[in-house]
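An overview of the molecular structure
Each chain, written out:
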Amino acid sequence: MGFTLRQLEVFLTVAETLHFGRAAERLHISQPTVSQEVARLERTVGVELFDRSRRSVALTGAGEVMAAESARLLKQADALLTRVRLHEESRLRTARIVASPSVVNRLLPAVVSRAEQELPALTTAELAVDTGQVSTTLAVELADIGLGRFLEDVPGYRLERIADEPVRVALGRDHPLAGRTGLRLAELRDLPLLLWPREQHPRYYDHVLGLCAEHGIDPPVLVSPPRIVGSRLYLLARNRAFSLVPGSMAGHLTEDVATVRLEGRAALPLEMQWRTDDRRPPLSVLRNLIRQEAAALEEHRRSRHEHRRSRESPTRSPHGSS
C-alpha cells in the first residue's frame, strides 16, 4: 500500500481546513510535520493533492477524490477497531441494552430480573433514550440489543417484531371519561392530541395520526418535548389534551393522569434489534429471554382484557333471559 492511516488523517485535516497551520493546531503537531506527511503521501500516490500555486491552499481534482476515499477508509478503520475491541474480556461479559421510555417501564425490569437469575455471569447495562433514538444510539454506541418501536434498518443489525402492545388513551384523572373501562376516540374529537414533533420519529408519528384517522378523528397536534411524560404532562392533567400511549405506560404516568383502554383495533409494535455478528451464547439466551418476557406481558394484558370483558357482559339466567 505504501501509505499509513496517520498520513490519511493528516491529509484529510488539511483538506478540511485548507490551511497547513490550522491543521497542525487541530492535530497538536508542528506545521513542518504536517507538510512532511502530506508530501510523503503525494510521493506514494504519484500525484499532487493540493494546488499550492496560489496564496491559498486548494484541493486538486485528485485531492478531492483522495479526500472522499480517505474519509471512508478512516471510518472503516475506526469501525474495525471498535468491533475488535468488543471481544475484550470484560466486554464479552456485558450486554448493553438500548431502550425507549415505555420499554423501561415493564419489559426491561422483567428481563433484567430474569437475567440476574439465569445468566449470573452476564452483566446487563441499560441505556434509556428518547423515542426515535434507539437504532441510532445502538449503532453509534455499538450496543448489543435495542428495544423500541418502529426501529430503523441499520447495516449489521437484525430487526425482529416481538410483540404488539394495545394503545391506551391518556387523560386527566378528573376527565369525565377517565373512569371508563374503554372509550372511543370520537368521544375526544374536541381535544387536541399531545405528541412529540414529527421529525423526532416520523414513522411512529404517522402511525399515531393514522390511528386517529381510522377511529374517525383528525385532531390538532400539540407538540410536546421528546418524552410526553415530561414538562407538558400538565396539559393532560388539566384536560387540555389527550395522548395515545402504549399499554406499558399504564400506571407509570403521574397520579393526575389516567389511561383508558381504546376500543377497537389499535396496537403499537414492540421490536428488538441486535448485531448480526454477535455469536456470544449468553446473548442468544438473553434475546430468547426477551422474547419470552414480551410474550408473557402480552398474554397478561390479553387475559386481563378478556377478564374485564367477561365481567362487563350481562349475566344470563339458566332460561336465557337477562
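The structure contained in this document is the topic of the report that follows. (Residues numbered from 1 in each chain as written. Predicted model: local features only at pLDDT ≥ 70, side-chain atom pairs only at ≥ 80, totals over all residues. Heavy atoms only, no water.)

So, the overall build of the protein chain
Under the convention used in this document: Comment: elements are numbered from the N terminus, with helices defined as DSSP H or I runs of at least four residues and strands as E runs of at least two. Per-residue and other accessible areas were derived by the Shrake-Rupley procedure at a 1.4 Å probe size, with only the shown protein chains allowed to occlude residues.
Within the protein chain, the regular secondary structure consists of 11 helices and 12 strands. A total accessible area of about 17500 Å² is found for the protein chain, and carbon and sulfur atoms account for 51% of it.

Some words on unusual backbone geometry
Let me state the cut-off plainly: The classification of residues rests on relative accessible area computed with a 1.4 Å probe and restricted to protein chains. Under 20% of the type maximum is buried, over 50% is exposed, and intermediate values are partly exposed.
A positive phi is found at His28, a non-glycine position, where the angle reads about 60°. On the secondary structure map, His28 appears in the loop between helix H2 (20-27) and helix H3 (31-45). For Asn239, which is not glycine, the phi torsion reads 60° and is therefore positive. Structurally, Asn239 can be placed in the loop between helix H10 (234-237) and strand E10 (243-246). Looking at Asn239, the relative accessible area reads 24%, which means it is partly exposed.

A look at the pattern of salt bridges
Definition in use: Put simply, a salt bridge is a Lys or Arg side-chain nitrogen that is within 4 Å of an Asp or Glu carboxyl oxygen.
In this structure the tally under the stated criterion is 18 salt bridges. Across the salt bridge formed by Glu16 and Arg26, the nearest N and O atoms sit 2.9 Å from each other. With Glu16 in helix H1 (residues 5-17) and Arg26 in helix H2, the pair connects residues that are 10 residues apart, well separated along the chain. Judged by its relative accessible area of 52%, Glu16 is exposed. You can call Arg26 partly exposed: its relative accessible area is 48%. For Asp144, the salt bridge goes to Arg275, with nearest N and O atoms at 3.1 Å. Here Asp144 is found in the loop between helix H8 (134-141) and strand E5 (145-148), whereas its partner Arg275 is found in strand E12 (residues 267-275), with 131 residues between them in sequence. Here Asp144 matches Arg275 in class, with each residue buried. One network of salt bridges, with partners in common, ties together Asp144, Arg275, Asp277, Asp278 and Arg280.

What to know about the side chain of Glu37
Inclusion rule: In what follows, a contact means two residues having at least one pair of non-hydrogen atoms within 4.5 Å.
With respect to the element layout, Glu37 can be found in helix H3. Looking at Glu37, the relative accessible area reads 16%, which means it is buried. Sequence-distant contacts of Glu37, that is, excluding residues within four places in its chain, are made with Gln7 and Val10.

Overview of the packing of aromatic side chains
Definition in use: Here the aromatic set is Phe, Tyr and Trp, taking the six-membered ring for Trp, and pairing holds for ring centres within 6.5 Å; pairs whose planes are under 30 degrees apart are stacked, those over 60 apart are edge-to-face, and all others are tilted.
On inspection of all chains with the given rule, the structure shows five aromatic pairs. Considering the side-chain rings of Trp196 and Tyr204, the 4.9 Å spacing of their centres and the 70° angle between planes classify their relative orientation as edge-to-face. Note on accessibility: Trp196 and Tyr204 belong to one class, buried. Centre to centre, the rings of Trp196 and Tyr205 are 6.5 Å apart; their planes meet at 50°, and the pair counts as tilted. With respect to class, Trp196 is no different from Tyr205; both count as buried. These aromatic residues form a ring-pair network of at least three members: Phe150, Trp196, Tyr204 and Tyr205.

A closer look at helix H9 (residues 202-214)
Selection rule: Working rule for helices: expected span equals 1.5 Å times residues minus one. Think of it as the arc spanned by the lines of direction from the helix axis to the C-beta atoms.
Between its terminal C-alpha atoms H9 stretches 18 Å, which fits the 18 Å expected from 13 residues at 1.5 Å a residue. Those residues of H9 lying buried are Tyr204, Tyr205, Val208, Leu211 and Cys212. One side of H9 carries all its buried residues, which in axial view fall inside an arc of 120°. For H9, the exposed residues lying more than 90 degrees away from the buried face are Ala213 and Glu214. Where H9 terminates, the next one or two residues include Gly216, which has phi positive at roughly 85°.

Some points on the packing of H2 against H3
Applied cut-off: Every angle, taken between N-to-C directions, lies between 0 and 180 degrees, and every axis is a line fitted to C-alpha atoms, over only the stretch in contact when it is a helix. What sets the label is the angle itself: under 35 degrees gives roughly parallel, over 145 gives roughly antiparallel, 65 to 115 gives roughly perpendicular, and the rest give oblique.
Between H2 and H3, the least distance of the axes is 8 Å, while the angle of their chain directions is 105°. On the basis of their axis angle, the class for H2 and H3 is roughly perpendicular. The residues of H3 that touch H2, namely those facing Phe20, Gly21 and Ala24, are Gln31, Val34, Ser35 and Val38.

Side note on the packing of H1 against H3
The test is simple: The classification used treats Ala, Val, Leu, Ile, Met, Phe, Trp, Tyr, Cys and Pro as nonpolar, Asp, Glu, Lys and Arg as charged, and all other residues, Gly among them, as polar.
The interhelical angle for the contact between H1 and H3, taken along N-to-C directions, is 110°, at an axis separation of 9 Å. The pairing of H1 with H3 is recorded here as roughly perpendicular in orientation. Where H1 abuts H3, its residues Gln7, Leu8, Val10, Phe11 and Val14 lie against Val34, Glu37, Val38, Arg40 and Leu41. Its residues assigned to classes, the contact of H1 with H3 shows seven nonpolar, one polar and two charged.

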